[in-house]
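Commentary on secondary and tertiary structure
Spelled out, the chains give:
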Amino acid sequence: MTGTVGEFLRVIDLAGVFGNAVLGGIVARELRMDPVGFVALAILSGLGGGLIRDTLLQHGAPIALTDYLYVITAVAGAVVAFLAPVHDRVWRLTFPVVDALALGCWAAAGAQKTLEVGLGWLAAVLLGTITAVGGGALRDLTVRRIPQIFGGNTLYATCAVAASLVVVFFTYSGHAPAGTVVGTGIGAALCLLARWRGWQLWQGLDWEYAIQRSPGKRWPRIKVRVNRRAAPSAEPPADGRSERT
């Protein structure tokens, strides 16, 4: 059972590396970069989250540096983005599924690996989320963009938090292998449901203050009006890059 789960996670993990590497290549195409730029952004997008996690854990070399298939998969994603028409209908239908599965898998795997080295539940949730969204954040920072995970889009990092919490619960209950699979499924399902329903986090309130001075009165009157911020449209662009909340 454990071996089967491990192979399942590895397949989905590599699919996620490929999908997010293609996203990095799409950004490189938008910015009219050369092939070196395509490869660099693909590696950052596809492998960045895992590299951050493994570096913070300080428990052996990052898997992306010991298993060459990860780097090869990221480079393959860059080649696809460089050569193939990735804005067609097939891409629009398949990418959300691959991206959602990658999110759930990376969050679950990151949380599980953190618990295995002896850290607590909070560290597991943090590193599970970082594993899932860190690559996209690194990519956006590299090209001097505000990372998409900081808001204005449908739920993404929130789904990684949910997947990580599921892994923590199952692991503490003595069912770690099952928790990894269930966490992957819940993270992916929540991500897809958020895309379909357009779910976003609350944008907060706008506070407006007005000071009114009336003749003959010693103290001014302060009026406070609270407006709920209108959420921006969650309609995804052609390459799916906006789903990062």
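Provided above is the structure to which this section pertains.
The written sequence of each chain sets the order in which its residues are numbered from 1. Note on the predicted model: pLDDT of at least 70 is required for a residue's local features to be given, and 80 or more for side-chain atom pairs to be given and counted; whole-chain, interface and lining totals, by contrast, use all residues. No hydrogens and no water enter the side-chain calculation; it runs on all heavy atoms of the structure.

**Section: the side chain of Gln112**
Mapped onto the fold, Gln112 is located in helix 5 (residues 89–116). Under the scheme applied here, a residue whose accessible area is under 20% of the maximum for its type counts as buried, over 50% as exposed, and between as partly exposed, the area being computed with a 1.4 Å probe on protein chains only. Since its relative accessible area comes to 10%, Gln112 is described here as buried. Throughout, a contact is declared for two residues whenever any of their heavy atoms are within 4.5 Å. In contact with Gln112, not counting residues within four places along its chain, are Val167, Thr171, Ala176 and Thr180. In this description a helix means any DSSP run of H or I spanning at least four residues, a strand means any run of E spanning at least two, and both kinds are numbered starting from the N terminus.

**A few points about the packing of helix 2 (residues 35–57) against helix 4 (residues 68–83)**
Lines fitted to C-alpha atoms define the axes here, with helix axes fitted over just the stretch in contact, and angles between the N-to-C directions of these axes take values from 0 to 180 degrees. At a closest axis distance of 8 Å, the pairing of helix 2 and helix 4 adopts a crossing angle of 130 degrees. With respect to helix 4, the axis of helix 2 lies oblique. Helix 4 is crossed by helix 2, and the crossing has right-handed handedness. Within the contact between the two elements, helix 2 uses Pro35, Phe38, Val39, Ala42, Ile43 and Leu47 and helix 4 uses Tyr70, Val71, Ala74, Val75, Ala78, Ala81 and Phe82. All residues other than Ala, Val, Leu, Ile, Met, Phe, Trp, Tyr, Cys, Pro, Asp, Glu, Lys and Arg, Gly among them, are scored as polar; the first ten of these are nonpolar and the last four charged. Classifying every residue of the contact of helix 2 with helix 4 gives 13 nonpolar, no polar and no charged. Here is the rule for angles: anything less than 35 degrees is roughly parallel, anything more than 145 is roughly antiparallel, 65 through 115 is roughly perpendicular, and the remaining ranges are oblique. Definitions for this section: a left-handed crossing has its near helix turned counterclockwise from the far helix by less than a right angle. A right-handed crossing has that turn clockwise.

**A word on the pattern of salt bridges**
Criterion for a salt bridge: a side-chain nitrogen of Lys or Arg within 4 Å of a carboxyl oxygen of Asp or Glu. The tally for this structure, following the rule as stated, stands at 4 salt bridges. Of the charged contacts in the structure, one is a salt bridge between Arg145 and Glu30, with a shortest N-O distance of 3.2 Å. In this pair, Arg145 is assigned in the loop between helix 6 (121–142) and helix 7 (157–172) and Glu30 in helix 1 (residues 2–30), connecting sequence segments 115 residues apart. The salt bridge partner of Asp54 is Arg53, with a shortest N-O separation of 2.8 Å.

**Description of the packing of aromatic side chains**
Any two rings among Phe, Tyr and Trp, with Trp reduced to its six-membered ring, count as a pair given centres within 6.5 Å; such a pair is stacked if its planes are under 30 degrees apart, edge-to-face if over 60, and tilted if neither. With the rule as written, the count across this model stands at 2 aromatic pairs. Geometrically, the ring pair formed by Phe38 and Phe82 is edge-to-face, given 4.9 Å between the ring centres and 90 degrees between the ring planes. Of this pair, Phe38 sits in helix 2 while Phe82 sits in helix 4, and the two are 44 residues apart along the sequence. Its relative accessible area of 4% is what places Phe38 among the buried residues. When its relative accessible area of 40% is taken as the criterion, Phe82 is described as partly exposed. Here Phe169 and Phe170 contribute two aromatic rings whose centre-to-centre distance is 5.9 Å and whose plane-to-plane angle is 85 degrees, an arrangement assigned as edge-to-face.

**Brief notes about helix 4**
Here helix 4 is 16 residues long and its end C-alpha atoms lie 23 Å apart, about the 22 Å a rise of 1.5 Å per residue gives. What helix 4 keeps buried is the set Tyr70, Thr73, Ala74, Gly77, Ala78 and Ala81. Down the axis of helix 4, the sector holding all buried residues measures 145 degrees, keeping them to one side. Away from the buried face of helix 4 by more than 90 degrees, exposed residues Tyr68, Ile72 and Leu83 are located. A helix's residues, less one, multiplied by 1.5 Å, set its expected span. The arc under discussion is defined with respect to the helix axis, by the directions toward the C-beta atoms.

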